[in-house]
Amino acid sequence: MNIQEKITSLREELREHNYKYYVLDEPSISDYEFDMKLKELQKLEVEHPEFYDATSPSLRVGGMVTKNFETVAHEHRMYSLDNSYSKEDLEDWEKRIQRILGDVEVEFTCELKYDGASISLTYEDGRLVKAVTRGDGFQGDDVTNNIKTIKSVPLQLKGDYPPKFDIRGEIILTLEGFAKMNAERVEAGEDPYMNPRNTASGSLKLQDSSLVAQRPLECLLYSITGDNLGIASQFEVLDKARSWGFKVPTVAKLCKSTAEVMQFTDYWEVHRHDLPYETDGVVVKVNSIQQQEELGYTAKSPRWAMAYKFKAEQAITTLNKITYQVGRTGAITPVANLEPVLLAGTTVKRASLHNADQIAKLDVREGDTVFVEKGGEIIPKIVGVDFTKRDMDSNPTAYITHCPECGTELIRKEGEAQHFCPNDVGCPPQITGRIQHFISRKAMDIEGLGGETVELLFKEGLIENYADLYTLTKEQILPLERMAEKSAENLVNGVSASKAIPFERVLFALGIRYVGETVAKKLAKAFKDIDALMTASQEQLVIVDEIGDRIAESVVGFFSEPSNIEVVERLKSYGLQFSLSQEQLENQTDLLKGQTFVVSGVFETISRNDLKKMIEDNGGKVSSSISSKTSFLVAGDKMGPSKRTKAETLGVPIISEQDFLQKLEA
Ligand code: AMP
Ligand code: ZN
């Protein structure tokens, strides 16, 4: 097999595995094997850029940055749907249809109404060429780079697809994916997202597609438009799309009457919470495409389709007590402890009250009869109070003023919704929370140590901060509950092994507020070692790419706390990595120091992202727009004409990819 054949066969293999994993949910190889194959492909593609293919599975990792999403017109308009809320509404709709079509038989396809962001995908010769948001229905934003990172969107189709068509669907986050994303955000000291729908929709407009690639987005398809498609019915549309490699939920039914349609809606009204994603109703469509054409459109929506909306699910119960949770960063979350009640198939005992403003807004009090709703959020929420049931002697809820765990007076910063316990050194859940973050998988990844053991070690007085982990001995741990010789040994070994974890992860592990994984990487690269970072001023921090005032303030604050410095010094003395490795440093020079580059277009031997990385690694700065301060415009193929004109007017030298690479050889 020659190189080109090898590349082609790896692409096909990975395409098939992507399909099995993300569309069929039936993986046939392990994640590890998949990663190895992907790495192999990426390596070959870098070595042989001449075999570039815009549909290669390696593009799924993203890396394209879109500063301004281009507005493009939809070739076929994207309509809204009319809503109905009852059996009567649906029957009225059926009568209207029959009046137009005359006395003929009408069948309906029922599908779930997926709750996310609509998207229109254009395929030509089986290849994805464009992905556009709904926008106002006539025109939307071109988000192709971002959509390409969604693994269930095929870049290359299979089977007997038409030469050109648009396919419409909904970009969603599964409830599980959403919950996982939020858990990671909370771990990084960031605020969790409110609901899957808005998060999915917001993801489409992220500028950096590698961030989109990290989100567990999915694309569920439901309709095809185009000329001469040779498809007779909506039900066939779903089948066909499935056979070309699209993810089309199998929860769809062909119904002979509105009575049958009602059976479908009744069933899913109850069972919708068994689904892995959110749905807010059912979409009923006239099945025959020919009848659809006859029915046509109103100004806003097709006459041949109707959304049936589910009722938001609510339960009524008593709020027994409001308690307050303290998170790793000291953030306080009020929780409603409820008289257990059945809601959407699960027993609910607790509901979120979000923050003090929310409590005040709803005027919710202990002892109240409350309405609980399960919307997008994983934790149910209180949406209102039945004031008719309130006791005469009830008093407004007084929000706590002091930390329930350590008694310290709470603070609330200007513009923030949450109260905080400022006692980060002495507040137990903050202490254990920080240590739990430190040992977590994406941070120090300490094997043999879990969250509960951390709590136990803290309770027994064996650790007070994460530096203490490194002086733990087997003899100290053995007497603890449920500790055996072997597990004690594993713990000590796991801690010791973590000394090899690279600097950027150690930095993330420290748990500095707003310093998540990505920010930690940027800081590590910019400052190279902890001493430089510890002494960095606010001004020095904000000149680093993507570091704003909020992060800079937090970093300066962290290192102005003597106890934090002491812990870091101790960790240093135990041999943890507090500077970039030799290898990381070797790839870095000062050759481009003081120079600012704008990169535009498509390059031959290197991806745009790698090019940017090379600039930064060699001390240069990457900027997105051309100004008089720009030193060079590195121009690739298909560069926008406006960039060229602007560079020319401002006298900014335009250089090629080869010119750029030569600079580094000097
Ligand atoms: P609305 O935004 O309420 O007018 O509802 C119309 C939107 O519902 C469409 O733009 C689609 O994005 C979305 N939708 C979700 N699931 C489906 C489906 N199965 N069929 C058609 N539209 C759907
Ligand atoms: Zn506290």
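Residues numbered from 1 in each chain as written. Chains lettered and ligands numbered in written order. Predicted model: local features only at pLDDT ≥ 70, side-chain atom pairs only at ≥ 80, totals over all residues. Heavy atoms only, no water.

**Quick notes on the sheet that holds strand β2 (residues 83–84)**
Link 1 in the chain: Sheet architecture is open: five strands sit in the order β2-β11-β10-β3-β9, paired in mixed fashion. At either end of the open sheet lies a strand with only one pairing partner, and these are β2 and β9 (252–255).
Link 2 in the chain: Pairing of strand β10 (residues 279–286) with strand β11 (residues 305–309), which is carried by five bridges, proceeds in the antiparallel orientation. Residue pairing in the sheet places Gly281 in a bridge with Lys309 of β11.
Link 3 in the chain: Contacts between helix α8 (residues 234–243) and the sheet are confined to β3 (108–114), β9 and β10, with β3 contributing the most and set at about 55° to the helix.
Link 4 in the chain: Together, β3, β9, β10 and β11 form the strand contacts of helix α9 (residues 258–271), whose direction differs from that of β3 by roughly 25°. (Pairing = 2+ DSSP bridges. Helix = DSSP H or I, 4+ residues; strand = E, 2+ residues; numbered from the N terminus. Contact = heavy atoms within 4.5 Å. Axes fitted to C-alpha atoms, helices over the stretch in contact; angles between N-to-C directions.)

**Let's talk about the environment of Tyr277**
Link 1 in the chain: Structurally, Tyr277 is set in the loop between α9 and β10.
Link 2 in the chain: For Tyr277, a relative accessible area of 8% gives the class buried.
Link 3 in the chain: For the pair Tyr277 and Phe387, spaced 110 residues apart in the sequence, the C-alpha separation amounts to 34 Å.
Link 4 in the chain: Excluding residues that lie within four positions of it along the chain, Tyr277 makes contacts with Leu112, Tyr114, Ile172, Thr174, Leu175, Leu220, Pro249 and Arg272. (Buried < 20%, exposed > 50% of the residue type's maximum accessible area, 1.4 Å probe, protein only.)

**Let's talk about the packing of helix α1 (residues 3–23) against helix α2 (residues 31–47)**
Link 1 in the chain: At a closest axis distance of 10 Å, the pairing of α1 and α2 adopts a crossing angle of 145°. Crossing of α1 over α2 shows left-handed handedness. Contacts between α1 and α2 pair Lys6, Ile7, Leu10, Arg11, Glu13, Leu14, His17, Asn18 and Tyr21 from the former with Asp31, Phe34, Lys37, Leu38, Glu40, Leu41, Leu44 and Glu45 from the latter.
Link 2 in the chain: Of the residues assigned to the contact of α1 with α2, the class counts are eight nonpolar, two polar and seven charged. (Left-handed = near helix turned anticlockwise from the far one by under 90°. Nonpolar A, V, L, I, M, F, W, Y, C, P; charged D, E, K, R; others polar.)

**Focus on the domain arrangement of the protein**
Link 1 in the chain: The assigned domain composition of the protein is domain 1 (3–61), domain 2 (83–309), domain 3 (313–389), domain 4 (428–500), domain 5 (503–586) and domain 6 (596–665).
Link 2 in the chain: For domain 2 and domain 4, the distance between their C-alpha centroids amounts to 48 Å. (Domains from an automatic or database assignment.)

**Digging into unusual backbone geometry**
Link 1 in the chain: Not every positive phi belongs to a glycine, and Tyr514 is a case in point at roughly 70°.
Link 2 in the chain: Summarising the element assignment, Tyr514 is placed in the loop between α16 (503–509) and α17 (517–527).
Link 3 in the chain: The phi dihedral of Lys528 falls on the positive side, at around 70°, and the residue is not glycine.
Link 4 in the chain: Locating Lys528 in the fold gives a position in the loop between α17 and α18 (530–534).

**Side note on the coordination of the zinc ion (ligand 2)**
Link 1 in the chain: Donor atoms from the polypeptide that coordinate the zinc ion (ligand 2) comprise Cys403 (SG), Cys406 (SG), Cys421 (SG) and Cys427 (SG), at 2.2 to 2.4 Å from the metal.
Link 2 in the chain: Angles of 100 to 115° at the metal separate the four donor atoms of the zinc ion (ligand 2), which places the site in the tetrahedral class.
Link 3 in the chain: Summarised as a motif, the one-chain spacing of the donors to the zinc ion (ligand 2) is C-x2-C-x14-C-x5-C. A single burial state applies to Cys421 and to Cys427, both of which are buried. (Donors = N, O, S within 2.8 Å, 3.2 Å for Na, K, Ca; no water. Tetrahedral: all angles 85-135°; square planar, octahedral: opposite > 155°, others 65-115°.)

**As for the packing of helix α12 (residues 428–439) against helix α13 (residues 451–459)**
Link 1 in the chain: In the contact formed by α12 and α13, the axes pass within 9 Å of each other and the chain directions differ by 135°. Classified by the angle between their axes, α12 and α13 sit oblique to one another. Regarding α12 and α13, the two cross each other, and that crossing is right-handed. Contacts between α12 and α13 involve Pro428, Ile431, Thr432, Ile435, Gln436 and Ile439 from the former and Gly451, Val454, Glu455 and Phe458 from the latter.
Link 2 in the chain: In terms of residue class, the contact of α12 with α13 is built from six nonpolar, three polar and one charged. (Parallel < 35°, antiparallel > 145°, perpendicular 65-115°, else oblique.)

**A word on the site of ligand 1**
Link 1 in the chain: Inspection of the region around ligand 1 gives 13 residues, with Glu111, Arg134, Glu170, Tyr222 and Lys285 positioned closest.
Link 2 in the chain: Here a nitrogen atom of ligand 1 sits 2.9 Å away from a polar atom, N or O, in the side chain of Glu111.
Link 3 in the chain: At 3.0 Å from a nitrogen atom of ligand 1 is found a main-chain nitrogen or oxygen belonging to Leu112.
Link 4 in the chain: When ligand 1 sits alone it has 490 Å² of accessible area, and the protein chains cover 87% of it. (Near = heavy atom within 4 Å. Polar contact = N/O pair within 3.5 Å; in protein donor to acceptor, adjacent residues only side chain to side chain. Areas by Shrake-Rupley, 256 points an atom, 1.4 Å probe, with all protein chains shown as cover.)

**Focus on the pairing of strand β15 (residues 369–373)**
Link 1 in the chain: Where burial is concerned, most of β15 is hidden: four out of the five residues are buried.
Link 2 in the chain: The sheet contact formed by strand β12 (residues 314–326) and β15 spans five bridges and is antiparallel. Bridging from a neighbouring strand, Thr318 pairs with Thr369 of β15.
Link 3 in the chain: Note that β15 and strand β16 (residues 381–385) share four bridges and pair antiparallel.

**What to know about the pattern of salt bridges**
Link 1 in the chain: All chains considered together, the criterion is met by 35 salt bridges.
Link 2 in the chain: The closest approach of N and O atoms between Asp92 and Lys95, which form a salt bridge, is 3.9 Å. Of this pair, Asp92 and Lys95 both sit in helix α3 (residues 87–101), three residues apart, which is roughly one turn of that helix.
Link 3 in the chain: Exposure remark for Asp92: the relative accessible area of 38% places this residue in the partly exposed category.
Link 4 in the chain: Between Glu517 and Lys442 there is a salt bridge, with its nearest N and O atoms 3.6 Å apart. Of this pair, Glu517 sits in helix α17 while Lys442 sits in the loop between α12 and α13, placing them 75 residues apart in sequence. (Salt bridge = Lys/Arg side-chain N within 4 Å of Asp/Glu carboxyl O.)

**Thoughts on the sheet that holds strand β19 (residues 632–635)**
Link 1 in the chain: Sheet architecture is open: four strands sit in the order β18-β17-β19-β20, paired in parallel fashion. Of all the strands in the sheet, just β18 (621–623) and β20 (654–655) have a single pairing partner and so form its edges.
Link 2 in the chain: One ladder, built from three bridges, connects strand β17 (residues 596–600) with β18; its direction is parallel. Note on β18: the bridge partner recorded for Thr596 is Lys621.
Link 3 in the chain: Running at roughly 175° to β17, helix α23 (residues 608–617) makes contact with β17, β18 and β19 of the sheet.

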